[in-house]
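Notes for the structure review
Each chain is listed here by its residues.
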Amino acid sequence: MPPIQDHPLRYQLANELHARPFPTMSNPSTVIYLAIKQPQEAVHRDRSQDLAHLVALLDRHGVPHPKPGATHHSAQLGRHTLKWEQHTEFVSYTLYFDGISERPYDPADFDVFPSDWLSEAPGQRITSLMLRVLPRGEVADVRRALTDWFVPESLAVARVLDDSCVVAGDFRIDPAGHMRFAVFPNKETGAQRIGRVVQRLCEIETYRAMSMLGFSRARGLSPTIGALDTHLSEMMVEMTGDRMPAEQTLSQLLIVSAELEAMAAQAAFRFGATGAYDALVNQRIALLREARFEGYQTFAEFMLRRFEPAMRTVKSTEGRLATLADRARRAGELLRTRVDVERSAQNQALLESMDRRADMALRLQHTVEGLSVVAISYYAVSLASYALYPLAKVLDLSKGMMTAALTLPVVLLVWLAVRQIRKRLH
């Protein structure tokens, strides 16, 4: 092939498709799983702390460290195989080894994670589980094991992947603090398929636990949303009944709207993440291709009865919060329009008052102008008289006659001059 320049990310993006292979597990084997999440701002956490915590575990066994900035890593810790993955909000540790302990779900198996190392974790446990992989055997043996290990009321069992395995779990936390799952593969089921089934079960439990964080947030917001809904309805009644000034109602409404917007902004990420995790849970269950086993409820049926109502509550709360915010926004717009109309009426009345005052000022101005013509004429007649007194002797006229003769022409000239000045000003 002729030489061609590769995109700088071509190999990195292609290798990302194969970066997280499914584990390969034998039959029988034991799986220990742990997921850790920081309680606040997990998305923006310092991810170097996750790597440092992993390195602390690796150093106890003297195994190589992951590459800087790695988001997944595999290592051999003695007889245990470790698979570490860093996700958006949490990190997961999967440890598995061949064989099973004599005591089912023995808490000592979890001691592979040292207690002091667990206490230094950069976060809190969101879930942990213990999973046993053992040969399927006869139906009676499987039923006996299910009765001994799980709570019958919430037990979910299914044949998966074309009846290659039987999987079971009750989604209850046992006295040791872990969830319990079991996988019963057929003799011909390969190690890779067992690993895929185990991986799916771990993902179902983890994403279920992460989804329930949204349910907790929704349940915590419900009382506040109810109180704001009642308060908003009361303000709408007051607004329609003119019981309070519009400006005061608008001020209270803006406070409610701001509080609703703040709540929606704070809960937006958690509700969005809950929807994504819910979709992942359903997707992982669908990938198992379940079939009913001996009349037990399947995982899909369990989720439909126990998990789906919680997710519907989250969606309902999200929709209720959005609807309430829209109501407050529309009420604010209506009230703002009402305030604008009232202010327009006030401005109209003010303009009319100003027009009346201007008319009165104009009339007063005309009056003043008439008086000013008289005053100016008086002084003008006086000055003209003084100037024409010598002429009065020549014409044999008295001063009074001369003044009387000058009065009308001077007044007319002054009036014409004032009128001409006013025209020029206008």
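Scroll up for the structure.
Summary of the structure given here. What you see is a predicted model, and the numbers here were worked out from it, not measured in a lab. (Residues numbered from 1 in each chain as written. Predicted model: local features only at pLDDT ≥ 70, side-chain atom pairs only at ≥ 80, totals over all residues. Heavy atoms only, no water.)

1. As for the overall build of the chain
Per the secondary structure count, the chain includes eight helices and nine strands. Here the chain has a C-alpha radius of gyration of 45 Å; the compact-globule value for 426 residues is 22 Å, and the former is much larger. If one aligns the C-alpha atoms of the chain with their principal axes, the spans along those axes are about 155 × 65 × 50 Å. Residues classed as buried in the chain amount to 41% of the 426 residues present. A fraction of 73% describes how many contacts in the chain between residues 6 or more apart in sequence connect residues 24 or more apart. Of the charged side chains in the chain, 50 are positive and 48 negative, and the gap between their average positions amounts to 6 Å. (Helix = DSSP H or I, 4+ residues; strand = E, 2+ residues; numbered from the N terminus. Rg over C-alpha atoms; globule rule 2.2 N^0.38 Å. Buried < 20%, exposed > 50% of the residue type's maximum accessible area, 1.4 Å probe, protein only. Contact = heavy atoms within 4.5 Å. Lys, Arg positive; Asp, Glu negative; His and termini not counted. Charge placed at Lys NZ, Arg CZ, Asp CG, Glu CD.)

2. A few points about the pattern of salt bridges
Enumeration over the complete set of coordinates arrives at 21 salt bridges. Between glutamate 153 and arginine 172 there is a salt bridge, with the nearest N and O atoms lying 3.6 Å from each other. Of this pair, glutamate 153 sits in the loop between helix H4 (139-149) and strand E6 (156-160) while arginine 172 sits in strand E7 (residues 165-173), placing them 19 residues apart in sequence. Across the pair aspartate 163 and arginine 159 runs a salt bridge whose closest N-O atoms are separated by 3.6 Å. For aspartate 163, a relative accessible area of 28% gives the class partly exposed. When salt bridges with common partners are traced through the structure, they connect Arg136, Arg159 and Asp163 into a single cluster. (Salt bridge = Lys/Arg side-chain N within 4 Å of Asp/Glu carboxyl O.)

3. Details of the packing of aromatic side chains
For the structure on display, the rule yields twelve aromatic pairs. Each member of the aromatic cluster is reached from another via a ring pair, and the members are Tyr93, Phe110, Phe113 and Trp117. Over the aromatic face of tyrosine 105 sits the side chain of arginine 132, whose NZ or CZ is 5.8 Å from the ring centroid. (Phe/Tyr/Trp six-rings, centres within 6.5 Å; stacked < 30°, edge-to-face > 60°. Lys NZ or Arg CZ within 6 Å of the ring centre and 35° of its normal.)

4. So, the sheet that holds E7
In space, the nine strands of this open sheet follow the order E2-E3-E4-E1-E5-E8-E7-E6-E9, with mixed pairing throughout. The open sheet terminates on both sides in strands that have one partner only, identified here as strand E2 (72-77) and strand E9 (291-292). Note: E7 against strand E8 (residues 179-185), six bridges, orientation antiparallel. Along E8, the bridge assignment pairs isoleucine 173 with methionine 179. The strands that H4 touches are strand E5 (124-133), E6, E7 and E8; relative to E8, the one it contacts most, it runs at about 175°. (Pairing = 2+ DSSP bridges. Axes fitted to C-alpha atoms, helices over the stretch in contact; angles between N-to-C directions.)

5. Here's the deal with the environment of asparagine 186
With respect to the helices and strands, the residue asparagine 186 is situated in the loop between E8 and helix H5 (191-241). In this structure asparagine 186 comes out as buried when scored by relative accessible area, which is 14%. Each C-alpha atom of the pair asparagine 186 and serine 164 lies 5.7 Å from the other, and the pair is 22 residues apart in sequence. Every residue in contact with asparagine 186, bar those within four places of it in the chain, is listed here: Asn27, Arg136, Asp163 and Ser164. Side chain to side chain, asparagine 186 and arginine 136 meet in a polar contact 2.8 Å long. (Polar contact = N/O pair within 3.5 Å; in protein donor to acceptor, adjacent residues only side chain to side chain.)

6. A short note on the side chain of serine 154
Structurally, serine 154 is set in the loop between H4 and E6. On the basis of relative accessible area, serine 154 is assigned to the buried category, the value being 2%. Those residues in contact with serine 154, other than ones at most four positions away along the chain, are Gly169, Asp170, Arg172, Gln297, Phe302 and Arg306.

7. Section: the state of the cysteines
This model, assessed by the stated rule, comprises zero disulfides. Take cysteine 165: it sits in no disulfide, and the sulfur closest to it among the cysteines is that of cysteine 202, at 14 Å. Given the relative accessible area of 0%, cysteine 165 is considered buried. (Disulfide = S-S within 2.5 Å.)

8. Quick look at unusual backbone geometry
Of all residues except glycine, most have a negative phi; of all peptide bonds, most are trans. Residue proline 28 is reached from asparagine 27 by a cis peptide bond, and omega for that bond is 10°. Checked against the element boundaries, proline 28 lands in the loop between helix H1 (10-16) and strand E1 (29-37). At glutamate 294, a position not held by glycine, the phi torsion is positive, near 50°. Turning to its location among the elements, glutamate 294 is positioned in the loop between E9 and helix H7 (299-394). What makes glutamate 294 partly exposed here is its relative accessible area of 45%.

9. A few points about the side chain of glutamate 308
Turning to its location among the elements, glutamate 308 is positioned in helix H7. Salt bridges are absent for the buried glutamate 308, whose nearest opposite-charge side chain, arginine 312, sits at 4.5 Å. With residues up to four places along the chain from it excluded, the contact list for glutamate 308 reads Asp278, Asn282 and Met303.

10. Concerning the environment of arginine 336
Relative to the assigned elements, arginine 336 resides in helix H7. Every residue in contact with arginine 336, bar those within four places of it in the chain, is listed here: Leu250 and Leu254.

11. A look at the pairing of E5
By the criterion of burial, E5 is predominantly enclosed, with seven of the ten residues buried. Where E5 and E8 come together, five bridges link them in parallel fashion. Note on E8: the bridge partner recorded for leucine 131 is phenylalanine 181.

12. Focus: the nonpolar core
Formed by 60 residues in total, the largest nonpolar core has its most connected members in Leu131, Val183, Val198 and Phe299. If one sorts the elements of this core by residue count, H5 sits on top with 16 residues. The residues touching valine 198, leaving out its near neighbours within four places in the chain, are Met25, Val31, Leu131, Val133 and Val183. Residues Leu34, Phe150, Val166 and Phe184 belong to the second largest nonpolar core, which totals 36 residues. (Core = buried A, V, L, I, M, F, W, Y, C linked by side-chain atoms within 4.5 Å.)

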